[in-house]
Amino acid sequence: MEELLRRELGCRSVKATGHSGGGCINQGQSYDTDQGRLFVKANSKTEARRMFEGEMASLAAILKTGTVKVPRPIKVLDAPGGGSVLVMEHLDMRYLSSHAAKLGEQLADLHLHNQKLGQTLQKETGTVGRGAGQADQPFVDQFGFDVVTCCGYLPQVNDWQKDWVEFYAQQRIQPQIDMVERGSGDREALQLWSALQLKIPSLFRDLEVVPALLHGDLWGGNVAEDASGPIIFDPASFYGHSEYELAIAGMFGGFSSSFYSAYHSRIPKAPGFEKRLQLYQLFHYLNHWNHFGSGYRGSSLNIMRNLVK
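Since this is a predicted model, take the numbers as computed values, not measurements.

Turning our eyes to something else, we now look at the domain arrangement of the protein. Each domain of the protein was delimited in the assignment, giving domain 1 (1-90) and domain 2 (95-128 + 137-308). Summarising the inter-unit geometry, the C-alpha centres of domain 1 and domain 2 are found 25 Å apart. Of the residues lining the interface, 19 residues belong to domain 1; the matching set on domain 2 comes to 28 residues. Approximately 1,900 Å² of surface area, both sides summed, lies buried where domain 1 meets domain 2, with 71% of it carried by carbon and sulfur atoms.

What follows is the structure in structure tokens.
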């Protein structure tokens, strides 16, 4: 690995440090170099490059908003012996505690960033000699993302669509249901999904959804802080409904009431929020079912039963 970093990044000195880590999908290791301390995520799967390129694009998109801190991505490389690695800056991270409210504020700022670009564009339309700043960060008026991103190791369909309800049903839930069908042929899941599809539009009645740049996988294990404030990492970004972000955050804990209070002071809950939150949690339970097995079947089916009542 040291030789790869020297060759590909032009580093003169590279030395592994004691900082290492890993989750259920990737392994990580920090390196001290003459260009600063780097963190390298490695995965030996053949499809790892696609996963890391999606993560790199996600980090770059969030970084560009200037709202919440993420590790600066550097490069995706082919790993010696197969698979790929993602090289990024190393950040000294600790458990999120004192900066939870600040994360709530900054996450809301991230979600509002594209909407504010749209408002600026509206004001500037028709103004002679309009500033050129808009070209750098154009307003995004559709749902999706420029590249495939992976939630876990499963790819997400990010084809651009104008309609959020259609995007969510067809490009988030349907692929998960298709995997369940291939994996186990679960008849009850298929029947519940057929019924739920008819109900989904009613959950969005009188609601305008403006595309928001999302982290996409914001559970407690993907947030931290350093001395300067909160940090988010391991994103699976796309432009979607801001409420979607809070679904997995509420499933596995790790977020204090101060986080939610700060977030909702900037983005108040819209009518029907709680039911839509269940709908968004359905994706994550299905995704966990397809990653880790039928231990998540009961939760997936319960949500569908509740929503089709």
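Picking up where we left off.
Looking now at the pattern of salt bridges. In the structure shown here, the tally under the stated rule is 19 salt bridges. For Asp78, the salt bridge goes to Arg49, with nearest N and O atoms at 3.2 Å. Of the two residues, Asp78 is situated in strand 4 (residues 73-78) and Arg49 in helix 2 (residues 48-65); the sequence distance between them amounts to 29 residues. Take Arg49: its relative accessible area is 28%, and that puts it in the partly exposed class. Of the charged contacts, one joins Arg94 and Glu225 as a salt bridge, the two residues approaching to 3.3 Å between their closest N and O atoms. Within this pair, whereas Arg94 is found in the loop between strand 5 (84-89) and helix 3 (100-124), its partner Glu225 is found in strand 9 (residues 223-226), the two being separated by 131 residues in sequence. Counted as one network, the salt bridges with shared partners bring together Asp186, Glu188, Arg297 and Arg305.

Bringing the pairing of strand 5 into the picture now. With respect to burial, strand 5 is a largely interior element, 5 of its 6 residues being buried. Bridge count for strand 3 (residues 36-43) against strand 5 is 6 bridges, and the pairing is antiparallel. Residue pairing for strand 5: Leu38 is matched across the bridge by Glu89. Taken together, the 5 bridges between strand 4 and strand 5 define a ladder with antiparallel strand orientation. Bridging across to strand 5, Pro73 finds its partner in Met88. Between the end of strand 4 and the start of strand 5, which pair antiparallel, lie 5 residues, with Gly81 showing a positive phi angle near 90°.

Bringing the packing of helix 3 against helix 8 (residues 257-266) into the picture now. Two packed helices can be described by the angle between their axes and the distance between those axes. At a minimum axis separation of 7 Å, helix 3 and helix 8 run at an interaxial angle of 35°. Crossing of helix 3 over helix 8 shows right-handed handedness. Contact residues: Ala100, Ala101, Leu103, Gly104, Glu105, Leu107, Ala108, Asp109, His111 and Leu112 in helix 3; Ser258, Phe259, Ala262, Tyr263 and Arg266 in helix 8.

Quick notes on the rules
- Residues numbered from 1 in each chain as written.
- Predicted model: local features only at pLDDT ≥ 70, side-chain atom pairs only at ≥ 80, totals over all residues.
- Heavy atoms only, no water.
- Domains from an automatic or database assignment.
- Contact = heavy atoms within 4.5 Å.
- Buried area = accessible area lost by both parts, 1.4 Å probe.
- Salt bridge = Lys/Arg side-chain N within 4 Å of Asp/Glu carboxyl O.
- Helix = DSSP H or I, 4+ residues; strand = E, 2+ residues; numbered from the N terminus.
- Buried < 20%, exposed > 50% of the residue type's maximum accessible area, 1.4 Å probe, protein only.
- Pairing = 2+ DSSP bridges.
- Axes fitted to C-alpha atoms, helices over the stretch in contact; angles between N-to-C directions.
- Left-handed = near helix turned anticlockwise from the far one by under 90°.

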